[in-house]
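Residues per chain are reported as follows:
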Amino acid sequence: MPTPALQSIHLYPVKSIAGSGPGEAVVEPWGLAGDRRWMVVDTQRRMLSQRQQPTLALASAEVLPGGALALTAPGMEPLTVEVPEPGETVVVEVWRDKVEAVPAGRQAADWLRAYLGVEAELVHLDAPDMRRPIDPEFALPGETVSFADGYPLLLTTTSSLNALNSLIAQGDHADEGPLPMNRFRPNVVVDGTTPWAEDDWRSVRIGELTFRVAKPCSRCVVTTTDQRTAERGKEPLRTLARHRRFGDRLVFGQNLIPQGAGTLRVGDPFEAVA
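Given the structure is predicted, the values throughout are model-derived calculations rather than measurements.

Caption draft 1: Region of the structure containing the environment of Ala 59. Here Ala 59 is to be found in the loop between strand S4 (38-41) and strand S5 (60-63). A residue is classified by how much of its surface remains accessible, and Ala 59, at 2% relative accessible area, is buried. Look past the residues within four positions of Ala 59 in its chain and what remains in contact with it is Ile 17, Ala 18, Thr 72, Ala 73 and Tyr 115.

Take a look at the structure:
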């Protein structure tokens, strides 16, 4: 078995839209720099994700030098969205949390409406004091997160994906597999560990940075969405329900909270320290 190491890094500038796989990324207290700092919201300013709009998977977002956002999507002209100037904020909802954010403007809203076919708006989470608290059951005082579902980073492992795909191949929907890692939208993917070893981790080190393992990641319908076509199937939820059910949750991956700032690089050594 190879020495455990960081295989890949993934940034998603806009929540639920495709992102990029850089060779390195800066770790901030609330997540990777540039990760999920933007979000699409509906007319009630509640988050819109692939759960409601699976075609968001086909759109792509990239942060340009200087911080502007480049948006592309099938059938749409590319759009560059400048970081909105600090000013009047609006209250948006991420799950049950209410967060202040800055609207990105009419042009971005029109672009999203034309693509999705519904009224939508793009908002930006800019200032550190606008981050939202992590669930206090799993966090220390003052720990915060961006527009990510609940935690600053999500870690998955190639060995566990291989094990999951082996289980899918034995099930009723074997034709849907093997599934790629992008179904799970991780931030960091680790290679060289044993399958499901992450169930027992409490603290991990990647390169020179340490992360507390907060809790396993509960999976939803987004994982059944083909990120290339936006079509939905039954897997992996059908197989997770049979083999990876923890209480009422179907689990794949672990949520991480950084214990410091620094830079992650593909190839960094990985170890579980507790």
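Caption draft 2: Region of the structure containing the sheet that holds S4. The sheet built from four strands is open, its strands ordered S4-S10-S9-S8 with antiparallel pairing. Each of the sheet's edge strands pairs with one partner strand only, and the pair in question is S4 and strand S8 (90-94). Sheet twist, expressed as the average angle between the axes of neighbouring strands with direction ignored, equals 55°. Pairing between S8 and strand S9 (residues 97-103): five bridges, direction antiparallel. Its bridge partner lying in S9, Val 92 is registered against Val 99. Where helix H1 (residues 106-116) meets the sheet, it contacts S4 and strand S10 (121-124), and its direction lies at approximately 135° from that of S10.

Caption draft 3: The environment of Glu 121, seen in detail. Relative to the helices and strands, Glu 121 is located in strand S10. What makes Glu 121 buried here is its relative accessible area of 16%. For the pair formed by Glu 121 and Val 40, sequence separation is 81 residues and the distance between their alpha carbons is 5.6 Å. Other than its neighbours up to four places away in sequence, Glu 121 contacts Met 39, Val 40, Val 41, Arg 45, Pro 103, Ala 109 and Leu 112. Among the polar contacts made by the side chain of Glu 121, one reaches the side chain of Arg 45 at a distance of 3.1 Å.

Caption draft 4: Structural context of the packing of aromatic side chains. For the structure on display, the rule yields five aromatic pairs. Centroid distance Phe 138 to Tyr 151: 6.4 Å. Interplanar angle 75°. Geometry classified as edge-to-face. Of this pair, Phe 138 sits in the loop between strand S11 (132-133) and strand S12 (144-145) while Tyr 151 is found in the loop between S12 and strand S13 (153-157), placing the two residues 13 residues apart along the sequence. Centroid distance Trp 196 to Phe 252: 6.0 Å. Interplanar angle 90°. Geometry classified as edge-to-face. Here Trp 196, found in the loop between strand S14 (188-191) and strand S15 (203-206), pairs with Phe 252, found in strand S18 (residues 249-258); they are 56 residues apart in sequence, far enough to count as distant. Residue class for Phe 252 comes out buried when judged on its relative accessible area of 0%. Here the aromatic cluster, defined as three or more aromatic residues joined through ring pairs, consists of Phe 184, Trp 196 and Phe 252.

Caption draft 5: The arrangement of the side chain of Arg 37 in detail. For Arg 37, the location among the structural elements is in the loop between strand S3 (31-32) and S4. With sequence-adjacent residues up to four places away left out, Arg 37 is seen in contact with Pro 13, Glu 28, Trp 30, Gly 31, Leu 32, Val 123, His 124, Leu 125, Arg 131, Ser 146 and Phe 147.

Caption draft 6: Seen up close, the sheet that holds strand S2 (residues 24-28). An order of S3-S2-S19 is seen for the three strands of this open sheet, with the pairing classed as antiparallel. Every other strand in the sheet has two partners, leaving S3 and strand S19 (262-265) as the edge strands with one partner each. Pairing of S2 with S3, which is carried by two bridges, proceeds in the antiparallel orientation. Across the sheet, Glu 28 pairs through a bridge with Gly 31, a residue of S3.

Caption draft 7: The arrangement of the nonpolar core in detail. Formed by 21 residues in total, the largest nonpolar core has its most connected members in Val 14, Val 40, Leu 69, Leu 71, Val 81 and Leu 122. For this core, the secondary structure elements donating two or more residues are S4, strand S6 (69-72), strand S7 (79-81) and H1. At five residues, H1 tops the list of elements feeding residues into this core. Residues in contact with Val 40, not counting those within four places in the same chain, are Val 14, Ile 17, Arg 46, Met 47, Leu 48, Leu 112, Leu 116, Ala 120, Glu 121 and Leu 122.

Parameters at a glance
Residues numbered from 1 in each chain as written. Predicted model: local features only at pLDDT ≥ 70, side-chain atom pairs only at ≥ 80, totals over all residues. Heavy atoms only, no water. Helix = DSSP H or I, 4+ residues; strand = E, 2+ residues; numbered from the N terminus. Buried < 20%, exposed > 50% of the residue type's maximum accessible area, 1.4 Å probe, protein only. Contact = heavy atoms within 4.5 Å. Pairing = 2+ DSSP bridges. Axes fitted to C-alpha atoms, helices over the stretch in contact; angles between N-to-C directions. Polar contact = N/O pair within 3.5 Å; in protein donor to acceptor, adjacent residues only side chain to side chain. Phe/Tyr/Trp six-rings, centres within 6.5 Å; stacked < 30°, edge-to-face > 60°. Core = buried A, V, L, I, M, F, W, Y, C linked by side-chain atoms within 4.5 Å.

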